[in-house]
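A closer look at the structure
Each chain, letter by letter, is given below.
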Amino acid sequence: MTVNNTISQISPVMSTYGRFPVTLVKGKGSYVWDDNGTKFLDFTSGIATCNLGHIPDVIKEKVEEQLQNLWHCSNLYHIPNQEQLAAMLVENSCGDQVFFCNSGAEANEAGIKLARRYANKVKGTGSPVVVTFQQSFHGRTIATLTATGQEKIQQGFSPLAPGFHYLPYNDTNALDELIELKPAAVLLELVQGEGGVIPANSDWVKKLDLLCKQHDILLMVDEIQTGIGRTGTLFAYEQFGIEPDVISIAKGLGSGFPIGAMIAKEKAAKGFEPGSHGSTFGGNPLATAAGLATITYMVESDTLENANTMSEYLDQQLQHMKNTFTFIKEIRGKGLLKGLVVELDALNIVQKAIGNNLLILTAGPNVIRILPPLTVTKEEIDEFTKSLEKTFQSIEKGE
Ligand SMILES: Cc1ncc(COP(=O)(O)O)c(C=O)c1O
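Let us look at the structure shown here. Because the structure is a prediction, the values reported are computed rather than measured. (Residues numbered from 1 in each chain as written. Predicted model: local features only at pLDDT ≥ 70, side-chain atom pairs only at ≥ 80, totals over all residues. Heavy atoms only, no water.)

**Some words on the state of the cysteines**
Summed over all chains, the structure comprises zero disulfides. For the unlinked cysteine Cys-73, the closest cysteine sulfur is that of Cys-101, found at 17 Å. With relative accessibility at 2%, the residue Cys-101 sits in the buried group. (Disulfide = S-S within 2.5 Å. Buried < 20%, exposed > 50% of the residue type's maximum accessible area, 1.4 Å probe, protein only.)

**As for the packing of helix α3 (residues 57–67) against helix α11 (residues 285–300)**
Packing of α3 against α11 brings their axes to within 9 Å, and their N-to-C directions diverge by 150°. By the angle between their directions, the pair α3 and α11 is classed as roughly antiparallel. In terms of crossing hand, the pair formed by α3 and α11 is right-handed. Across from Val-58, Ile-59, Lys-62, Val-63, Gln-66 and Leu-67 in α3, the residues of α11 making contact are Pro-285, Leu-286, Ala-289, Ala-290, Ala-293, Thr-294 and Tyr-297. Grouping the amino acids of the contact of α3 with α11 by side-chain chemistry returns ten nonpolar, two polar and one charged. (Axes fitted to C-alpha atoms, helices over the stretch in contact; angles between N-to-C directions. Helix = DSSP H or I, 4+ residues; strand = E, 2+ residues; numbered from the N terminus. Parallel < 35°, antiparallel > 145°, perpendicular 65-115°, else oblique. Left-handed = near helix turned anticlockwise from the far one by under 90°. Contact = heavy atoms within 4.5 Å. Nonpolar A, V, L, I, M, F, W, Y, C, P; charged D, E, K, R; others polar.)

**With respect to the environment of Cys-50**
One can find Cys-50 in the loop between α2 (45–48) and α3. The spatial distance from the C-alpha of Cys-50 to the C-alpha of Leu-371 is 9.7 Å, given a sequence separation of 321 residues.

**Some remarks on helix α5 (residues 104–123)**
Spanning 20 residues, α5 covers 27 Å between terminal C-alpha atoms, matching the ideal 28 Å at 1.5 Å per step. Those residues of α5 that sit buried are Gly-104, Ala-105, Ala-107, Asn-108, Ala-110, Gly-111, Ile-112, Leu-114, Ala-115, Tyr-118 and Ala-119. Of the residues one or two after α5, Gly-124 is the one with positive phi, at around 75°. (Expected span 1.5 Å × (residues − 1).)

**Thoughts on the sheet that holds strand β16 (residues 361–362)**
Pairing is antiparallel in the open sheet, where four strands are placed in the order β13-β14-β17-β16. Where the open sheet ends on each side, the last strands, each with one partner, are β13 (328–334) and β16. (Pairing = 2+ DSSP bridges.)

Honestly, that's just the spatial picture; any functional story needs more than this.
As structure tokens, then:
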């Protein structure tokens, strides 16, 4: 067989990620191992996905059980796991009905479609607009990258989807424009994750909620990163005293198994009818087995309590680091979604931390994002502190 040398040198995986030089092959709890057997403390949780740590036994059991019975069947038939998971999500949120899909972008896409249908068919208004916020991140499909308030995500993808308008985040004065725009919906993150771990201001969210109610605008929260306990409650909105009309979730919902969902109040859900939206894989028996086991465990165990206790302990450690290293300017976030604002290149810190067996993330050029599993222990946080301090010390020495 002739081998084409030029082609053989090109990675068969398309170049959409700048990857670290690490190949992970195994995970358990808060740890992962590479192909040389090196152990790393994983404070990324697969980017807020393995919220119960890697391969949690309770989820593994339920997925293995489902593996013996039925992996997939079409949504043309009833799927018991899907129905039970929907019921659990409804019982533990302010929503009434759930649409299942496979990822965060698809959950937001479903929310955007629902908002348009709601405006066109229920409210009867023309050309419905969805308002989103600067620095937001909502996904990589054409509609969700258009919803994303960051030019770098949109570059080169024109024509973008019509019908989106951006307002500054946490800016109460800018909300006057909202009423003039008469949008179908507002879509926001309650902590902007990818945009730099920026929590929403509580008064601003309350004002936004009030305006949405007064002007029949759907309030849609993107809880893809903040949901499933990441910020200390099952959903972040619970901490803001609001009841959104639409909630999008994914990441932590399947403990690493791909699944997304869009939860809506009945008022908004009326926008959809059989045929308006769908997904081949969405909510299949295997994915919803993982989702059902995850939500059941999350509400029945003391995981959220642990997340809150560990969040406080981690804050103390980060505060201590801030007092020691002058280049740390701010600690922000909610629950176990933490950001360290640094006057250094955050990516360089993340790269150097790998050498100290620690995996962490960036959120923009100057923010280190720290996402331990919600099951993290005090000892693991101590180990994290040691590794990160060692990393900072070597950077200070110019190593
Ligand atoms: C807030 C938010 N929305 C949407 C998405 C997109 O999710 P996915 O990558 O599963 O499509 C992400 C992913 O990072 C996110 O953090």
